[in-house]
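Listed here are the chains, written in short residue letters.
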Amino acid sequence: MSKESNTRLLSILEALQDGIYIVNEDFTVEYMNRAMRAHWAGHEGTKCYEVLSGLDQPCPWCRAREIFDQGEAVQWEYHSPDETRIFEVTELPLAGPDGKMSKLAIFRDVTSFRKQEERLRVTEQDYTRLFENVSSGVYISSKRGRFLDANPALLRMLGYETKEEFLNIDIRKDLYLNPEDRDRFQQMIEKEGRVVDWEVDFKRKDGTPIHILLTAHGRRDPSGQILGYEGIMVDQTQRRAMAEKLREANDFLNKLIASSPNAIMAADMRGNILIWNHAAEEILGYAAEEVVGKMNIVEIWPDGMARDIMKMIRSPEYGGEGRLRSYPLVAHRRDGSLLEANFSAAVIYDAEGNEAASVGILVDLKERLSMERKLRKTQEQLLQSEKLAAMGRLTSQIAHELNNPLYGIMNTLELLKTEISPDNRRRKVLDMALSETERLSTLLKKMLTFSRPDQEERQKVSLNEVVDEILLLHEKQLRENDIKIVQDLDASCPLVMASKNQLRQVFLNMVSNAQDAMPEGGVLTVKSGVHDGKAAVWVSDTGVGMREDVKAHIFDAFFTTKDAIKGVGLGLSVCYGFIKEHGGDITVQSAPGEGTTFLITLPPAP
Ligand code: ADP
């Protein structure tokens, strides 16, 4: 070899990345290139074992003899003592120009290559492990419709025992519950390159349907053509059943809230309304859609009430901390009116125990209050009739006791009258005494009627007849008092079943009260007819009329506005008793200075 070509060869060797050195038969280094020198601080003339291993004799693993004696090339791997570098070593026998043998060693640094290899090996293992053990189904399939690979989870999910039988199924026909879904799947992949969380119904080996959540993408060849697919399937059957159960439970709760007859409302801690049921709509007048998420709950309470309510809920005194038990209060309806209600409420806490919302139930007290009022009224009426009964017994006793001596006096006075001539001045005094005793006798009769109303047989009676009779009897007296009578009796006024005597007393009382109400004269109008299908008589006067407070008590026994001689206050209460006993009613319309009208109605005789 020329010197020139020798120099060229050397410079090539120097430029190589691989370490190269030549050792002669007694292990003396003849040549080391630059890459070799960079790793081992040796130089020509030193022993190779000194350079490589720092030893004073050949390395234990040295294979120089194979090369020198057998002339074979060997390849082995050299690990640096600190294990940081790995070299692939190739050693060849080299015959020198002088016939001497040398050994050429090429040290190729494969550290990073090995590491990468190792890394790759690890990830492949990891992926296989993942593929085998993951609980979702993982698969690779062909475009034509066969599975190329599937993990055990997928086989389990779809009920196949062996991978072999699974790889043989026709995906379109044997897997899809609706085979057209496979076309849709392929179209989606063609268009989007993948499908994500696609819900589809598959069937298991035994044909039972299974609801799957599928995520997949296309596998393409280098030109971008889709070869097949790979993806993950998650069994949704259980989740779907859970969701269904949850929805059912939710529906049930919603129905419960919606159908409650009491107003149920919920709000978050800032007062934004979250729930507003049907009863709340009815009781408070706001439609759910105008309050939920739009109105603050404070608007239904009077000023400051919302704060007071929250204080009570948080205090332990009103049913325990976090609760308010049946508290009476008022709320504003949509139309501005006030609602009297009982309110119960509770705080709802989140998982961390923080206040999340409040829920309240409002019970409208209208009906309860009106029941209570009615009850109170009935109790009062009962008390009143007790009083009346007691009064009745007392008055009848007194009347009886007084009656006999009174008749004695009257008879005596009549007797005296025959003995005194009409011209005598004393006769006038006698007449006065007689008229007063007669008045006393009438009063006693009234008292007796009150205490022991006569139990006369009832018969068919014409109200027109009774009224006519009474007016005829009193015509003269009324005229003397400047009272004009207007009689407007309707022949169609039905007959009634009644005690004639009691009816007479009723109308007599009406007429005499009207007369008392018109001391300066006036008009008494008596009209008959039909009112609400009942026989009716209206007795009107143009007299003084009544104030509200008087009107409220006229049917009470012993209520009178008249002086002690004129009135005892029993007339109307007796009338009231009679008419009610007959299944009828008396009502009055009156105002001071505007006269009075009594309306008496009685059911028609059958
Ligand atoms: P009395 O006539 O003995 O007072 P009543 O029971 O008949 O008893 O009447 C009760 C009261 O009702 C009367 O005192 C009077 O104040 C009022 N009243 C009854 N009828 C009339 C009427 N037509 N106009 C005005 N007030 C009347």
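Residues numbered from 1 in each chain as written. Predicted model: local features only at pLDDT ≥ 70, side-chain atom pairs only at ≥ 80, totals over all residues. Heavy atoms only, no water.

Trainee: Any chance you could explain the overall build of the protein chain here in plain terms?
Mentor: Secondary structure summary: the protein chain contains 19 helices and 22 strands in total. For 606 residues, the compact-globule estimate of 2.2 N^0.38 gives 25 Å, and the protein chain exceeds it by more than 25% at 60 Å. Dimensions of the protein chain along its principal axes, counting C-alpha atoms only, are 205 × 55 × 40 Å. Looking at the protein chain as a whole, 36% of its 606 residues qualify as buried. Looking at the protein chain alone, contacts between residues at least 24 apart form 50% of all its contacts between residues at least 6 apart. If you sum the accessible surface of the protein chain, you get close to 36800 Å²; carbon and sulfur atoms cover 53% of it. Charge separation in the protein chain, taken as the distance between the mean sites of 77 positive and 94 negative side-chain charges, equals 4 Å. (Helix = DSSP H or I, 4+ residues; strand = E, 2+ residues; numbered from the N terminus. Rg over C-alpha atoms; globule rule 2.2 N^0.38 Å. Buried < 20%, exposed > 50% of the residue type's maximum accessible area, 1.4 Å probe, protein only. Contact = heavy atoms within 4.5 Å. Areas by Shrake-Rupley, 256 points an atom, 1.4 Å probe, with all protein chains shown as cover. Lys, Arg positive; Asp, Glu negative; His and termini not counted. Charge placed at Lys NZ, Arg CZ, Asp CG, Glu CD.)

Trainee: Explain the pattern of salt bridges here, please?
Mentor: Oppositely charged side chains can pair when the atoms bearing their charge come close. Enumeration over the complete set of coordinates arrives at 34 salt bridges. With a closest N to O distance of 3.2 Å, Lys205 and Glu165 form a salt bridge. In this pair, Lys205 is assigned in the loop between strand S8 (194–203) and strand S9 (209–220) and Glu165 in helix H7 (residues 163–167), connecting sequence segments 40 residues apart. Residue classification places Lys205 among the partly exposed positions, given a relative accessible area of 40%. Judged by relative accessible area, Glu165 falls into the partly exposed class, the value being 25%. One salt bridge in this structure joins Lys551 and Glu548, with 3.2 Å as the shortest N-O distance. Placement of the pair is Lys551 and Glu548 together in helix H18 (residues 548–551), with a separation of 3 residues, close to one helical turn. Taking relative accessible area as the criterion, Glu548 reaches 57% and is therefore assigned exposed. Salt bridges here are not isolated pairs; linked through shared partners, they connect Glu77, Glu88, Arg114 and Glu117. (Salt bridge = Lys/Arg side-chain N within 4 Å of Asp/Glu carboxyl O.)

Trainee: I keep staring at unusual backbone geometry and nothing clicks. Help me out?
Mentor: Generally, phi is negative for residues other than glycine and the peptide bonds are trans, each holding for most cases. Positioned with a positive phi, Asp197 is a non-glycine residue whose angle comes to about 50 degrees. With respect to the helices and strands, Asp197 occurs in strand S8.

Trainee: Can you help me understand the packing of helix H16 (residues 463–480) against helix H17 (residues 500–517) in this one?
Mentor: Two quantities define a packed helix pair, namely the angle between the axes and the distance from one axis to the other. At a minimum axis distance of 10 Å, the contact between H16 and H17 shows a crossing angle of 40 degrees. The orientation of H16 with respect to H17, classified from their angle, is oblique. In terms of crossing hand, the pair formed by H16 and H17 is right-handed. For the pair H16 and H17, contact is made by Leu463, Glu465, Val466, Val467, Glu469, Ile470, Leu471, His474, Gln477 and Leu478 and by Lys500, Leu503, Arg504, Phe507, Leu508, Val511 and Gln515, respectively. Tallied by class, the residues present in the contact of H16 with H17 amount to 10 nonpolar, 3 polar and 4 charged. (Axes fitted to C-alpha atoms, helices over the stretch in contact; angles between N-to-C directions. Parallel < 35°, antiparallel > 145°, perpendicular 65-115°, else oblique. Left-handed = near helix turned anticlockwise from the far one by under 90°. Nonpolar A, V, L, I, M, F, W, Y, C, P; charged D, E, K, R; others polar.)

Trainee: Where do I start with H16 in this structure?
Mentor: Side chains of residues three or four places apart in an α-helix project in the same direction, reflecting 3.6 residues per turn. With 18 residues, H16 extends 26 Å from end C-alpha to end C-alpha; this agrees with the ideal 26 Å at 1.5 Å per step. Within the span of H16, buried status applies to Leu463, Asn464, Val466, Val467, Ile470, Leu471, His474 and Leu478. Phi turns positive, to about 65 degrees, at Asp482, one or two residues after H16. (Expected span 1.5 Å × (residues − 1).)

Trainee: Sorry if this is basic, but what is going on with the environment of Gly577 here?
Mentor: With respect to the helices and strands, the residue Gly577 is situated in helix H19 (residues 571–581). Gly577 gets classed as partly exposed once you look at its relative accessible area, which sits at 30%. Between the C-alpha atoms of Gly577 and Phe555, which are 22 residues apart in sequence, the distance is 9.0 Å.

Trainee: Would you take a moment to explain the layout of surface pockets for this structure?
Mentor: Picture a little ball the size of a water molecule; that probe, rolled over the atoms, points out where space is still empty. Each pocket or cavity is described by its volume, and for the largest pocket that value is around 1500 Å³. Residue lining of the largest pocket: 50 residues in total, with Lys446, Asn509, Ser512, Asn513 and Asp516 positioned closest to the centre. Contributions of two or more residues to the lining of the largest pocket are made by helix H15 (425–451), H16, H17, strand S20 (534–541), H19 and strand S22 (596–602). Among the residues making up the lining of the largest pocket, the classes are represented as 21 nonpolar, 18 polar and 11 charged. (1 Å grid on protein atoms, 1.4 Å probe; cavity = no way out; pocket = protein on both sides within 12 Å on 5 of 7 lines; lining within 4 Å. Points joined across faces, edges and corners; volume = space filled by probe spheres on them.)

Trainee: Is there a simple way to explain the sheet that holds strand S5 (residues 101–109) in this structure?
Mentor: Hydrogen bonds between backbone groups are what pair the strands of a sheet, and the pairing can be parallel or antiparallel. Pairing is antiparallel in the open sheet, where 5 strands are placed in the order S2-S1-S5-S4-S3. A single partner strand is all that each edge strand has here, and the edge strands are strand S2 (29–32) and strand S3 (74–79). Across the sheet, the axes of successive neighbouring strands diverge by a mean angle of 25 degrees, strand direction being ignored. Inspection of the sheet shows strand S4 (residues 86–95) paired to S5 by 9 bridges, in the antiparallel sense. Bridged to Leu92 within S5 is Leu104. (Pairing = 2+ DSSP bridges.)

Trainee: How do you make sense of the side chain of Ser102 when you look at a structure like this?
Mentor: Position of Ser102 among the secondary structure elements: in strand S5. For Ser102, a relative accessible area of 7% translates into the label buried. Among all residues touching Ser102, those that are not within four sequence positions of it are Ile22, Val23, Asn24, Glu30, Phe68, Leu92, Pro93 and Leu94.

Just geometry here; none of it tells us what the structure is for.
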